[in-house]
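Structure at a glance
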Amino acid sequence: MADKTLPKTDVVIIGGGWTGLTTAYELAHEGRKCVILERGDHRHDATSFGAPEEHDELKYGLRYTHMMNVRENTLTFRNSRGDRALPMRRLGSFLPGEGLGGAGIHWNGQLWRPLPSDLEMRSHYDNRYGSDFIPDDLSVQDWGVTYDELEPHLDFFERICGAAGTAGNLDGEQREGGNIFEGPRSNEYPNPAMKQPVSSTLFGRAAQEMDLHPFPFPSANVTKAYENPYGAQLHPCTYCGFCERFGCGYFAKADPIICVYDRIKEHENFEIRFKSTVLRVEKSEDGKTATGVTYVDADGREIFQPADIVCMNAYALWNVHLMLVSGLGTPYDPETRTGTVGRNYSYQTISAVDAFLEKDIVTNPFMGAGALGMVVDDYNGDNFDHSDLGFVGGGYIACKQYHGRPISYQPVPDGTPSWGAEWKRAVRENYLHHADFVIHGSSMSTPENFLDLDPTWTDQHGRPLLRMTFNFPENDRKMAKYVTERAVEIAENMDHVTSVSATNLAAEGEDYSVVPYQTTHNVGGAVIGTDPSTSVVNRYGQMWDHHNVFVFGACLFPQNLGYNPTGPLMGLAYWTLEHLKNDYLENPRPLMDA
Amino acid sequence: MTHPFSRRAVLLGLAATSGVALAKPQHAFAALDDQPFAFLTETEARMLAALCDTLIPEDEYPSASQAGVVDFIDLQMAGPYGNGEGLYMKGPFFEGKPSQGYQLPLLPSELMREGLSRLEQAESGFALMEDARRNDVVTAMSEGELDMGDLPSDAFFDEVWKLTNQGFFADPIYGGNENYAGWRMVGFPGAHAYYQSFVDKHNVAYPKAPMGINHQPGGDGDLPVAPVRKEP
């Protein structure tokens, strides 16, 4: 029983990151009173992320000061159902946020659109390769929403961010210099592409010679003074090299605080409460709707906040956790393969290629930005013929220059000892002469990769921890091997290269590990779709079982595409908000028949 | 008190009262020279210096301890990191697979103390060993092959190596990377960073010397004056 019950609000929003603040912005302007509950603190680019203090690799890059603190609350992890899950005692593989702006303040700003075929993955492969092409052990499915439906929303979010890039497909017309594989855009990028350092320039040249199609990273690191549609002012990027894991005190990386929060914080329909952790979503007696949420406030009191609409805008993993501890939807059971909450958790399949360069090539790696580099998309999605390959999916290959922060950026050639005199020499000889590739691959969902509640460990509120069961599917291991080999070919074709090495985290025999950083792209677990037996929400992001609960974020992805998730998940958010505003608010009901 | 405390003297072995003659003077640096260690005992400090300097030995550039890494680790162990900030320490504790990460029931400061103590038990006189022998011990430790009782020697090695590397390259405000030793070695110019007009000048070495977060103009002869930052 809560210590206190507050007056009802129209909308309660769980989480103050990209999707939560955007939901509040859009619904407050529709005349609805919105309350955001954010478990972390207030913070702001101007006062919290200023240089030089922000340029502290140890504090922010390695002690994770902007991220979630796992001292009291984490998840448990195992590779398979046969293992005992153990707590992830430190952050490592992924870095969820906490505090105003969520993980949106420490992202790199790589702003992608999904391929049209990504959103209709099962039907696309069935049509092109036959209905038995997708391996049986994958639970790949269509999103239930198409690229054409999302396009206006993907476009709008690019304008919110002041995205920098080169269009590769404008209204169906392919354009050299952009990503010719992308779906048709209704508009150019709002800002020109970033400048390129020597490393990515050499990569682009080599890829071009190989008849691939290099283009600059689509970037939310802004390249010109820019005002977004909400009236936010963004400044040009300084290429400071403190992007991912850091906030941007230059107002040059689009983030939810400057792009959205500052433009809504004084609105009469907007309220945000910090240090407010939602414990559970409460249901009506018949279970068909939610009545509001119970949260712990800054003083440790349990408060019930009634609301007409509950919006779940926490990080992907914590949305799923909250559904499980609240009894929303039906938990997934891997034995019977029934239930949906926790089903189809997937991740990202990452490998790396290092190209070491002659000494007269000086890369200055510390002149970096989160979305700086050149990319080829020829081996992503279904942009290449899969007929004889034995796998589905793919990944982009990027030569990136994010940063040269010296604890984390220590490239050394294969065969170098991992410490001692030879290591020391190799670090200093290669620091300024290295090109850094990432292969950013898709991750297919399977019946054996899922999220549920842990039977042993609890958080500080006594709730069971979320339990993650995950390993790389065989399909993704084949994909990563294939695309990594293509990346090595590009590296070997680059001018001035002296040696090339590759690290494939999904190589045969390698278990997925929560220790090395890979990417904060945990997806699925509460997926979108058109069939209530295989999705938690309908194609509008509305829960099948509780029609006044709307769900946002990457937990909606039925499997992960080969791109970074912020663009696709914000496209979905605006799509959901369009239907909330134009349909649901006037006539609250299930928007699709189950 | 017979003489003022000196970290430098401790690391040089000058204050060592054990029967062994003075260690060779390779661990000369201690930025906080007149302050007692915050966490380490003098014996631990000498062992740690020897261990760090095996990982990052002196060549044309300073060794780890010469760059202040012992000061760095001492402060880290005494502060929030050593006391478990960012570490979930609720039991029960079980041995896991490598993919499940750290599972020992020890805070970093406990792991450091326990590890140094067991290292001395396993290889007595570690701090004064000949380089080749010490290299062999550290190699065995890194491979989990050194007998440290129920403490896996690779877990202790991983922690010390992580901290040594961090201390050599972190901003000098944390006590290591003295006089930008690590940054000068690789060519990292530090915390101040406006490269908009430089990033596409290819193959041109960046001319400025390093500056840290707390850099003071005039604090180091060849360094440029730090630009005054205007608040946005």
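Here's a quick rundown of the structure. (Residues numbered from 1 in each chain as written. Chains lettered and ligands numbered in written order. Predicted model: local features only at pLDDT ≥ 70, side-chain atom pairs only at ≥ 80, totals over all residues. Heavy atoms only, no water.)

All names here are of chain A. By the secondary structure assignment, His-434 is in strand β18 (residues 434-441). Residue His-434 is classed as buried on the basis of its relative accessible area of 2%. Within polar-contact distance, the side chain of His-434 engages the side chain of Asp-354 at 2.6 Å. Residue contacts for His-434: discarding those within four places in its chain leaves Ser-199, Asp-354, Ala-355, Phe-356, Leu-357, Thr-363, Tyr-409 and Pro-411. (Helix = DSSP H or I, 4+ residues; strand = E, 2+ residues; numbered from the N terminus. Buried < 20%, exposed > 50% of the residue type's maximum accessible area, 1.4 Å probe, protein only. Polar contact = N/O pair within 3.5 Å; in protein donor to acceptor, adjacent residues only side chain to side chain. Contact = heavy atoms within 4.5 Å.)

Residue and element names in this part refer to chain A. Together, Asp-132, Asp-136, Asp-137, Glu-474 and Glu-508 make up a region of like negative charge exposed at the surface. Mapped onto the elements of the fold, Asp-137 is located in the loop between α5 (121-129) and α6 (147-161). By relative accessible area, which is 41% here, Asp-137 ends up partly exposed. (Patch = residues over 30% accessible without salt bridge, like charges linked within 9 Å, V, L, I, M, F, W, Y side chains within 5 Å. Areas by Shrake-Rupley, 256 points an atom, 1.4 Å probe, with all protein chains shown as cover. Salt bridge = Lys/Arg side-chain N within 4 Å of Asp/Glu carboxyl O. Lys, Arg positive; Asp, Glu negative; His and termini not counted. Charge placed at Lys NZ, Arg CZ, Asp CG, Glu CD.)

Across the contact, 77 residues belong to chain B and 76 residues belong to chain A. Interface area for chain B against chain A, summed over the two sides, is near 6000 Å², with a carbon-plus-sulfur share of 57%. Viewed at the interface, chain A and chain B are joined by seven salt bridges. For Asp-59 of chain B, the salt bridge goes to Arg-428 of chain A, with nearest N and O atoms at 3.2 Å. For the pair chain B and chain A, the number of links is 44 residue pairs in polar contact (both at pLDDT 80 or more). Secondary structure elements with two or more residues in the side of chain B that touches chain A: α2 (42-55), α3 (69-78), α5 (131-142), α6 (153-169) and α7 (181-186) of chain B. With nine residues, the single largest contributor to the side of chain B that touches chain A is α6 of chain B. By residue class, the composition of the side of chain B that touches chain A is 41 nonpolar, 24 polar and 12 charged. (Buried area = accessible area lost by both parts, 1.4 Å probe. Nonpolar A, V, L, I, M, F, W, Y, C, P; charged D, E, K, R; others polar.)

Turning our eyes to something else, we now look at the packing of aromatic side chains. One pass over the structure, following the stated rule, counts 48 aromatic pairs over all chains. Ring plane angle 90° and centroid distance 6.3 Å describe the contact between Trp-457 of chain A and Phe-94 of chain B, whose orientation is recorded as edge-to-face. Highlighted residues: Trp-457 of chain A in strand β19 (residues 450-458) and Phe-94 of chain B in the loop between α3 and α4 (108-122), drawn from two different chains. Note on Trp-457 of chain A: relative accessible area 2%, which makes it buried. With 5.7 Å between their ring centres and 20° between their planes, Tyr-540 of chain A and Trp-575 of chain A make a pair best called stacked. Taken as a pair, Tyr-540 of chain A in the loop between β21 (497-504) and β22 (549-551) and Trp-575 of chain A in helix α12 (residues 566-584) lie far apart in primary sequence, 35 residues in all. Accessibility expressed as a relative area gives 14% for Tyr-540 of chain A, which makes it buried. (Phe/Tyr/Trp six-rings, centres within 6.5 Å; stacked < 30°, edge-to-face > 60°.)

Residues and elements named next belong to chain A. If you trace the six strands from one edge of the open sheet to the other, you get β8-β16-β17-β18-β15-β21, paired in antiparallel fashion. Two strands in the sheet have a free side with no partner beyond their single neighbour: β8 (215-216) and β21. Pairing between strand β15 (residues 349-357) and β21: seven bridges, direction antiparallel. What sits directly across from Ser-351, in β21, is Asn-504. Against the sheet, helix α7 (residues 198-209) makes contact with β15, β16 (373-376), β17 (395-400) and β18, and its axis sits at roughly 25° relative to β16, the strand it touches most. (Pairing = 2+ DSSP bridges. Axes fitted to C-alpha atoms, helices over the stretch in contact; angles between N-to-C directions.)

The subject of this paragraph is unusual backbone geometry. For the peptide bond that leads from Ala-51 of chain A to Pro-52 of chain A, omega is 0°, which places it in the cis range. For Pro-52 of chain A, the position within the fold is in the loop between α2 (45-48) and α3 (57-62). Residue Pro-92 of chain B follows Gly-91 of chain B across a cis peptide bond; omega there is 0°. Considering the arrangement of structural elements, one finds Pro-92 of chain B in the loop between α3 and α4. Positive phi outside glycine occurs at Arg-245 of chain A, with the angle close to 85°. Secondary-structure assignment places Arg-245 of chain A in the loop between β10 (233-234) and α8 (256-264). Of the residues examined, Arg-245 of chain A reaches a relative accessible area of 12% and is grouped as buried. At Lys-275 of chain A, a position not held by glycine, the phi torsion is positive, near 50°. As for its position among the elements, Lys-275 of chain A is in the loop between β11 (270-273) and β12 (277-283). By relative accessible area, Lys-275 of chain A is classed as partly exposed at 42%.

To continue, consider the environment of Ile-309 of chain A. Residue and element names in this part refer to chain A. By the secondary structure assignment, Ile-309 is in strand β14 (residues 302-312). Note on Ile-309: relative accessible area 5%, which makes it buried. As a C-alpha pair, Ile-309 and His-547 span 238 residues in sequence and 8.8 Å in three-dimensional space. The contact partners of Ile-309, leaving out residues within four places of it in the chain, are Asp-10, Val-11, Val-12, Asn-548, Phe-550, Leu-580, Tyr-584 and Leu-585.

Moving on: the pattern of salt bridges. One pass over the structure, following the stated rule, counts 43 salt bridges over all chains. Arg-113 of chain A serves as the salt-bridge partner of Asp-155 of chain A, at 3.6 Å between the closest nitrogen and oxygen. Taken as a pair, Asp-155 of chain A in helix α6 and Arg-113 of chain A in the loop between β5 (86-87) and α4 (116-119) lie far apart in primary sequence, 42 residues in all. Overall, the relative accessible area of 3% leaves Asp-155 of chain A in the buried class. Lys-424 of chain A is the partner of Asp-59 of chain B in a salt bridge, and the nearest nitrogen-oxygen pair spans 2.9 Å. With one member in each of two chains, Asp-59 of chain B in the loop between α2 and α3 and Lys-424 of chain A in helix α10 (residues 421-430) form a pair that bridges those chains. With a relative accessible area of 25%, Asp-59 of chain B lands in the partly exposed category.

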